[in-house]
Amino acid sequence: MEFKIIAKTFQGLEELLAKEVTALGADNIEIGNRMVSFTGDQEMLYRANFCLRTAVRVLKPIKEFTATDADEVYAVVKSMEWDEIMDVKNTFLVDSVVFSENFRHSKFVAYRVKDAIADYFRERYEGRPNVSISNPDFRINVHISENQVCISLDSSGESLHKRGYRTGTVQAPLNEVLAAALVMMTGWNGECDLIDPFCGSGTILIEAALIAQNIYPGVFREEFGFERWKDFDESLLETIYNDDSQEREFDHKIYGYDINRSAVATALDNVRSAGVSKIVEVSQGDFYDFEQPDHPALMITNPPYGERLAPEDILDLYKTIGTRLKQNFVGNDAWILSSHEDCFAAIGFRPSTKIALYNGSIPCEFRKYQVFDGSLRDRREEGLDIKSEEERERNAKFKPHKMRDDEDYDESGRRSHGSRDDEHYFKSRPDRKRDGKPFRREKKKEEFVPLFEGDFDHHVNRHTFKWGDRGEDFQIGEWNRYDHEEHVSKRHEDGKRGGGKRRDDKGPGRKPDKGGRRDGHRPRREGKPDGRKDGKGKPQGRGGKKDDVKWGFDSEGRPFKQ
């Protein structure tokens, strides 16, 4: 008997998921917002959990109805035959996602559904199943869009991104579902070598190895949620698990590098745990020393971009990426995931494809760079087309991230009020409103703003980070310090300070000024090269009233008179 099935995914991966569902042979496929719905039987439900690489959860709807408030939801849920689904001895958990003006609090909806299930069993069996947050026997999902309510059973249990092969992790690891999606978006299917020069814990490497050999991600899972259902068919699952007829040989290699020694050790452990160590090689390496590969290769990488990881001199890193690609990756393609437009700009040449994605809650773009000899203009004059029709169609559909978080809105633009269960994908965000008005980010100012906070008045430890050309005398943010000192000393020489004396001519034994600097210069305040006044109450500098002198900063952080 066929029934409706819903596979959830991350924003931007819906079309990939639909292609996977189509390959499984499902019927009535429809693409929605972060989900794909289709119909199938029990085997299709099991295969969806076992085979889909870009699905986060697979739901089985069991009741759909209309309601205008939580009390109506309670009444309908209580009337359902819950003893056909679970027993008093079982545990359960209710998640809820709401897109409705009538239901303003998703947790209250979840509480009412929980109460309805508990009251159903209490009235019939003088007992009730308990709620378990960590490892429930049954996960029940409530989805409300306006007045349309759908009650579903979560057949996955833990999120499907938890493959089961990961033995260790590093800071800011890449989600397994997103890693698999990145590989699939490139169209790579094992026809050449693959390289990740910022491999971290090796997630992209492992997911690429599974795709190259067509090994389903479900082989690593210890348990699925449907295994605790009353109608669980163990023999059917065993048949799916033991079927390796789709697997294939991979005749190339997958290479991973990372400058961090502990990350390399973690990646090696994960590669061995996934059973792909024969085709995946991981070693310590600095991208500064990257060399042209011996064979054609595809690069897929997720370098640091200053959100959860903030290495010094981040723009220099991306400048090095562009330089090394242009010099030592000629004839190949590189796909890079990052979030800052400044980082992409530092690479130095134009991408042929851009895809808007989310890495967790961070809005990112996945860009393709075709590396070739000569300039783009020369190739066009020669009549060479660097973009395929598929890429042109994809670029035509490209929409950069908006100011709001689109995954918290439905198709009609209404905001979701989701639950805060950290183990479940359905997560809401704080309602970004101030004084009843929608929160809007401020427009980017034109003055120089470093990507990262911190003290830039020291040089990068080059033994730790060797990214990029280290021949420059100044690092990011140092222009403020050097230009300011030059500006102040020039004013002293011109005699523009009352009496012509410098404040640091104090003689031995004098205490330092406020701020702790013995040269007498206080730390420069934002927007003004020098805020001190002389004995007459006038701002020291070029004279005049205080309001007549206004200072700004150019794109490199140097002060100028407005």
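Residues numbered from 1 in each chain as written. Predicted model: local features only at pLDDT ≥ 70, side-chain atom pairs only at ≥ 80, totals over all residues. Heavy atoms only, no water.

## Structural notes on the overall build of the protein
- Each helix and strand counted, the protein has 13 helices and 19 strands in total.
- When the 562 residues of the protein are sorted by exposure, 48% land in the buried category.
- For the protein, contacts bridging at least 24 residues in sequence account for 74% of all contacts bridging at least 6.
- As displayed, the protein has an accessible area near 29700 Å², and 45% of this comes from carbon and sulfur atoms. (Helix = DSSP H or I, 4+ residues; strand = E, 2+ residues; numbered from the N terminus. Buried < 20%, exposed > 50% of the residue type's maximum accessible area, 1.4 Å probe, protein only. Contact = heavy atoms within 4.5 Å. Areas by Shrake-Rupley, 256 points an atom, 1.4 Å probe, with all protein chains shown as cover.)

## What to know about the pattern of salt bridges
- Taken as a whole and judged by the stated rule, the model has 18 salt bridges.
- Put simply, E207 and R163 hold a salt bridge, and the shortest N to O gap is 3.1 Å. On the criterion of sequence distance, the pair formed by E207 in helix α6 (residues 203-213) and R163 in the loop between β8 (148-154) and α5 (176-186) is long-range, its members being 44 residues apart.
- Because the salt bridges share partners, they merge into one network encompassing D137, E223 and R228. (Salt bridge = Lys/Arg side-chain N within 4 Å of Asp/Glu carboxyl O.)

## Digging into the sheet that holds β8
- Taking strand neighbours across the sheet as the criterion, the eight strands line up as β2-β3-β1-β4-β8-β7-β5-β6 in an open arrangement whose pairing is mixed. One side of each edge strand has no neighbouring strand; the edge strands of this open sheet are β2 (27-32) and β6 (130-131).
- Inspection of the sheet shows strand β7 (residues 138-145) paired to β8 by six bridges, in the antiparallel sense. Directly across from H143, in β8, lies its bridge partner C150.
- Along the sheet face, helix α1 (residues 14-24) touches β1 (3-8), β2 and β3 (35-40) and points at about 170 degrees away from the line of β2.
- Across the face of the sheet, helix α3 (residues 70-78) comes into contact with β4 (57-66) and β8 while running at roughly 105 degrees to β4. (Pairing = 2+ DSSP bridges. Axes fitted to C-alpha atoms, helices over the stretch in contact; angles between N-to-C directions.)

## As for the side chain of N332
- Looking at where N332 falls in the secondary structure, it is placed in the loop between α9 (314-328) and β13 (333-338).
- A polar contact is formed between the side chain of N332 and the backbone nitrogen of A297, at a distance of 3.1 Å.
- Setting aside residues up to four positions removed in sequence, N332 forms contacts with Q292, P293, P296, A297, Y369, Q370 and V371. (Polar contact = N/O pair within 3.5 Å; in protein donor to acceptor, adjacent residues only side chain to side chain.)

## A word on the confidence of the model for the protein
- Here the protein averages 76 in pLDDT, while 65% of its residues score no lower than 70.
- Considering only residues more than four positions removed or in separate chains, one finds that residues 403-415, a stretch of pLDDT under 50, has 38 contacts. (pLDDT = per-residue confidence, 0-100.)

## What about the packing of aromatic side chains?
- Scanning the model with the defined rule gives 15 aromatic pairs in all.
- Aromatic pair F226 and F232: ring centres 6.1 Å apart, planes at 40 degrees, arrangement tilted.
- The exposure class of F226 is buried, given its relative accessible area of 0%.
- Relative accessible area serves as the criterion here: at 22%, F232 is assigned to the partly exposed category.
- Through successive ring pairs, a cluster of aromatic residues spans Y46, F224, F226 and F232.
- Its guanidinium or amino end placed over the ring of Y74, R112 lies 4.3 Å from that ring's centre, counting from NZ or CZ.
- Of note, R324 hangs over the ring of Y288, and the distance from its end group to the ring centre comes to 5.0 Å. (Phe/Tyr/Trp six-rings, centres within 6.5 Å; stacked < 30°, edge-to-face > 60°. Lys NZ or Arg CZ within 6 Å of the ring centre and 35° of its normal.)

## What about the packing of helix α2 (residues 42-51) against helix α7 (residues 234-242)?
- Axis separation between α2 and α7 bottoms out at 10 Å; the angle between their running directions is 45 degrees. When the axis of α2 is compared with that of α7, the two are oblique. Remark: the crossing between α2 and α7 carries right-handed chirality. Packed against α2, whose contacting residues are Q42, E43, Y46, R47 and F50, the element α7 presents L236, L237, I240 and Y241 at the interface.
- Split into classes, the residues belonging to the contact of α2 with α7 amount to six nonpolar, one polar and two charged. (Parallel < 35°, antiparallel > 145°, perpendicular 65-115°, else oblique. Left-handed = near helix turned anticlockwise from the far one by under 90°. Nonpolar A, V, L, I, M, F, W, Y, C, P; charged D, E, K, R; others polar.)

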